[in-house]
Amino acid sequence: MPVFYERRQLVTPGDLLAENDYVAGENTHKENGRIYATRVGLVNYADKGVYVVALKSFYVPMVGDTVIGKVVEVTLGGWVVDIRAPYLAMLRASDALERPFKPQKDDLPSLFDVGDMLIANIVAYDRTRDPLLTVLERGLGKITRGQIIEITPTKIPRVIGKQGSMISMLKQETGCQITIGQNGRILISGKSPEDERLAVMAIRKIEQEAHTSGLTDRVTEMLRKEKGEKEVIKNVTEETRKTN
Amino acid sequence: MSSIMASRVRQKRIAQLISRGKRLDGRGLTDYRKVQVEVGLIERAEGSARVRLGKTEVLVGVKFEMGEPFPDTPNEGVLTVNAELVPLASPTFEPGPPDENSIELARVVDRGIRESKAIATDELCIEPGEKVFVVFVDVYVLNHDGNLIDASCLAALAALLNTKMFNYEVKEGEVKIKPGYKPLPIRNHPVAVTFAKFNDKLVVDPWLEEEQVMDARLTMTVEKDGKICAIQKGGYGYFTAEQVLEASKIARQKAEEQRKLVVKE
Amino acid sequence: MSQKKPEKLIDENEIRLDGRKLNEIRPTKIEVGILGNADGSAYIEQGKNKILAAVYGPKEVHPKHLALPDRAVLRCRYHMAPFSVEERKSPAPSRRELELSKVIRECLEPSIFTEYYPRTSIDLFIEVLQADGGTRCAGITVASVALADAGIPMRDLVSACAAGKVEGRLVLDLTDVEDKAGEADMPLAYMPNANAITLLQMDGMLTGEEFEQVVNLAIDGCKQVGQIQKEALRAKYVVAKEAEAEKEEAEEGEE
């Protein structure tokens, strides 16, 4: 059998993963019938294909993705947005205003200014120009509350989970609103900073242990334990107050 | 105003021909272009030579100065090589301080002369530890039509062989010039041979358009006894180990042929 | 305060000044991801060489006119700290550093899939903190690891090692004193999968036969260096505890 590694083994660029009939998947490269890893990561074989889950990579824009970006410049016709990718993204005024853009009347900085964070969708991107954003759909626009954390983009699918199982659990256990940017930024907005802290803790754990299984259960357990301890501490303080 | 960039169609043609063992200008894969050497054309310089390799043209001038030796070689003269890609030589050469290309060219020419000990620097000592001759070799590229390295090395060798130093004597710590000249003592004749790689083919003396298509280049400088004294790989591609060894064999043979054009027995 | 030239570099038992055999590389240690701001970074200690490499990118090119329409442009700066050598070196880039920046860039580019990121730049910085010969090779070695650490897709790691001739013997990985006093020094960089030599320079004197042997010796050294690079990249990510491994055995399918 022309495979050279066990699944979930750590491989480095140039490692020979498989030969001949295999299909080269993500983070691999086929040359002369041989498939090599192109990034450091965990190799996996599935259905006559081989791919590598990269341990570190950067976000490459894809049309349709929801991203969380930071405005870095206001131009004559729109904004330049940093989406943590090799390319800066553009948000044109026409993709931010419901009605036609009137340069004399509309003051762009009052809509989004340098430093503002926003949730946007990528509407266009190809090799010849920078990605184009829009905020005109539901759920998109300027971020006004909550906190944003950054994780390696490759771990995002893990935070979502199979059919959204992980993220639903997170929302339920923490009571927070969680918006995921495919570019490795996550917006957490909870009823209290405590709730938000729990969500951040959970996501950091997922990031650390993304390559293991049984993670959803372990994260649930951890959250419940944390919340339980809070309850105990609250009760104890209540008790001591009562007795004093 | 024309661009020197060959069109895509032409580039493809060049690559196709080479894969079949032929070149656009009719040369064999290991043939040099026609070489013309002229020496002594700049009287103000102590030595000079101009080499035309095909349409590539390089002028080298040698000048002497007196200076301090390096601390670790107190009894030896000093060699300094500089190269200028003069803006008139190509629309791609900009005026300004030496860029990485002219620095690389100078250092490769320098390496060939220095490592082969071509100049008898031990005979350039005026006062041990105090005063020695400093030999300035200035490479001046006048027209760029490919393979500046081989043309520059050949011109530098010819210029050094043409160089005359004045007779002198040291009296009371002062250098007094005496009548007459003697040739600069030269002990070796390094010759550079540059290859261009096109997939699995090696080609000697690439001209400008071939340089635009090649994967990478490899220069081997060979001294008079057939030893290799300098190597420089350039360009973004690579050579296999087998190609490197093949190049070393061809280089030794071609260097001998090229040397005869400059060194008269 | 200059070093005195030693009497002999290799003794009767074919042992070198630092105790090494002729075909031994210096003890080498590589650490990955040690700089917080860079997208990728690595540090190498090889004998007395101490070299840092950092990668920023792929990112937008500044100035814009340097961008290439069909691929990323790799920019490389090899630089030696003023205190890295015996006699203090001026911080201004020397001609040697400019030449090395060029050949190192040309050496690493073939390993990177630059065509995946048109109109961007990948900026690579190599800082030599302490030098003892063979710094361009160690610099290439650590730079390749930094590129991998940055998550930049590569065909292969590039490993570099110099070989040469000292006191008549063919040796691997020359120190500064061996390079200065020896007969030939040949730095070489290698990508094993393609059997590709991406850096090759030599100064000194070698016959044709010696040259062939030295090339093979250097490639062998590169292969040894390659193992060390891979280990360093793996070491950064070894996380799995034994309990985890057991759980994996029992459970399947949660990806």
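Quick caveat: nothing in here was measured; it's all calculated off a predicted structure. Counting restarts for each chain: residues are numbered from 1 in the order of the written sequence. For this description, chains carry letters from A and ligands carry numbers from 1, given in the order in which they are written. Local features are withheld for residues below a pLDDT of 70 in this predicted model, meaning they are given only at 70 or higher, and side-chain atom pairs are given and counted only at 80 or more; totals for whole chains, interfaces and linings count all residues.

**Section: the overall build of chain A**
Quick note on the threshold: Helix and strand definitions here come from DSSP, where helices need a minimum of 4 consecutive H or I residues and strands a minimum of 2 consecutive E residues; each element is numbered from the N-terminal end. For the radius of gyration, the atoms used are the C-alpha atoms, and the globule rule reads 2.2 Å times the number of residues raised to 0.38. Buried, partly exposed and exposed are defined by the number of other C-beta atoms within 10 Å of a residue's own C-beta, namely 20 or more, between the two limits, and 12 or fewer respectively, with C-beta atoms placed from the backbone.
Helix and strand counts for chain A come out as five helices and 16 strands. Expected size for 244 residues packed as a compact globule is a radius of gyration near 18 Å; at 22 Å, chain A overshoots this value by more than 25%. Projected onto its principal axes, the C-alpha coordinates of chain A cover approximately 70 × 65 × 25 Å. By the burial criterion, 37% of the 244 residues in chain A qualify as buried.

**Focus: the overall build of chain C**
On a plain count of helices and strands, chain C comes out with five helices and nine strands. Listing every helix and strand of chain C by position from the N terminus yields β-β-β-β-α-β-α-β-β-α-β-β-α-α. Since a compact globule built from 255 residues should have a radius of gyration of about 18 Å, the 20 Å found for chain C is in line with a globular shape. Counting only C-alpha atoms, chain C reaches 65 × 55 × 40 Å along its principal axes. Counting all 255 residues of chain C, 49% fall into the buried class.

**Focus: the domain arrangement of chain A**
To be explicit about the condition: By convention here, the domain bounds are inherited from an automatic or database domain assignment.
For chain A, the domain assignment lists domain 1 (10-54), domain 2 (66-142) and domain 3 (147-229). The straight-line distance from the C-alpha centre of domain 1 of chain A to that of domain 3 of chain A is 29 Å.

**Examining the sheet that holds strand E2 (residues 16-19) of chain A**
Within a sheet, each strand pairs with its neighbour through backbone hydrogen bonds, oriented either parallel or antiparallel. Residues and elements named next belong to chain A. Stated precisely, the cut-off is as follows: A pair of strands is considered paired only if DSSP assigns at least 2 bridges between the two. Axis definition: a line fitted to C-alpha atoms, limited for helices to the stretch in contact. Angles are taken between N-to-C directions and run from 0 to 180 degrees.
As summarised here, the arrangement of the three strands in space is E2-E5-E4, forming an open sheet in which the pairing is antiparallel. Looking at strand neighbours, the two that pair on one side only are E2 and strand E4 (28-31), the edges of this open sheet. In this sheet, neighbouring strand axes are inclined to one another by 25 degrees on average, regardless of whether the strands run parallel or antiparallel. As paired elements, E4 and strand E5 (residues 34-37) share four bridges and run antiparallel to each other. Residue lysine 30 lies in a different strand from E5, and its bridge partner there is isoleucine 35.

**A closer look at the interface of chain C and chain B**
Note the threshold: Each residue gets a C-beta atom placed from its backbone, and two residues are in contact if those atoms lie within 7 Å. Note that Gly is not counted as nonpolar here; it falls among the polar residues with everything else outside the nonpolar set of Ala, Val, Leu, Ile, Met, Phe, Trp, Tyr, Cys and Pro and the charged set of Asp, Glu, Lys and Arg.
Listed as interface residues are 28 residues of chain C and, on the opposing side, 27 residues of chain B. At the level of elements, helix H1 (95-108), strand E9 (196-206) and helix H4 (208-237) of chain C are the ones that each hand at least two residues to the side of chain C that touches chain B. Tallied by class, the residues present in the side of chain C that touches chain B amount to 14 nonpolar, seven polar and seven charged. Pairing of strand E13 (residues 239-240) of chain B with E9 of chain C involves two bridges; the strand directions are antiparallel. Bridging across to E9 of chain C, threonine 240 of chain B finds its partner in alanine 196 of chain C.

**Concerning the interface of chain A and chain C**
At the interface, 25 residues of chain A touch 25 residues of chain C. Residue composition of the side of chain A that touches chain C, by class: eleven nonpolar, ten polar and four charged.

**Some words on the pairing of strand E8 (residues 66-74) of chain A**
Residue and element names in this part refer to chain A. Note that E8 and strand E11 (residues 117-126) share five bridges and pair antiparallel. Bridging from a neighbouring strand, valine 67 pairs with alanine 120 of E11. Here E8 folds back onto strand E9 (residues 78-82), and the loop between the two strands holds three residues.

**Quick look at the pairing of strand E11 (residues 216-222) of chain B**
All names here are of chain B. For E11, the tally of buried residues reaches seven of seven residues, placing the bulk of the element in the interior. Side-chain alternation along E11 places Ala216, Leu218, Met220 and Val222 on one buried face and Arg217, Thr219 and Thr221 on a second face that is also buried. Where E11 meets strand E12 (residues 228-234), six bridges bridge the pair, whose relative direction is antiparallel. Note that in E12 the partner of valine 222 across the bridge is isoleucine 228. Turn length for the E11-E12 hairpin, with the two strands adjacent in sequence and antiparallel, is five residues, and the turn residue glycine 226 shows positive phi of about 90 degrees.

**Points about the nonpolar core**
Applicable threshold: Only buried residues count toward a nonpolar core: Ala, Val, Leu, Ile, Met, Phe, Trp, Tyr and Cys, linked into one set through C-beta atoms within 7 Å.
In terms of nonpolar packing, the biggest core is built from 158 residues, with Val139 of chain B together with Leu188 of chain C touching the most fellow members. Filtering out sequence-adjacent residues up to four positions away, leucine 188 of chain C remains in contact with Ala160, Cys161, Ala162, Ile197, Leu199, Leu200, Val215, Ala218, Ile219 and Cys222 of chain C. Core analysis: the second largest hydrophobic core is formed by 24 residues, Phe58, Ile68, Trp79 and Ile122 of chain A among them.

**So, the environment of isoleucine 231 of chain B**
Positionally, isoleucine 231 of chain B belongs in strand E12. Residue class for isoleucine 231 of chain B comes out buried when judged on the 28 C-beta atoms lying within 10 Å of it. Linking isoleucine 231 of chain B and arginine 111 of chain B, residues 120 residues apart in sequence, is a C-alpha distance of 8.7 Å. For isoleucine 231 of chain B, the contacting residues outside a window of four places in its chain are Thr219 and Met220 of chain B together with Leu200, Gln201 and Met202 of chain C.

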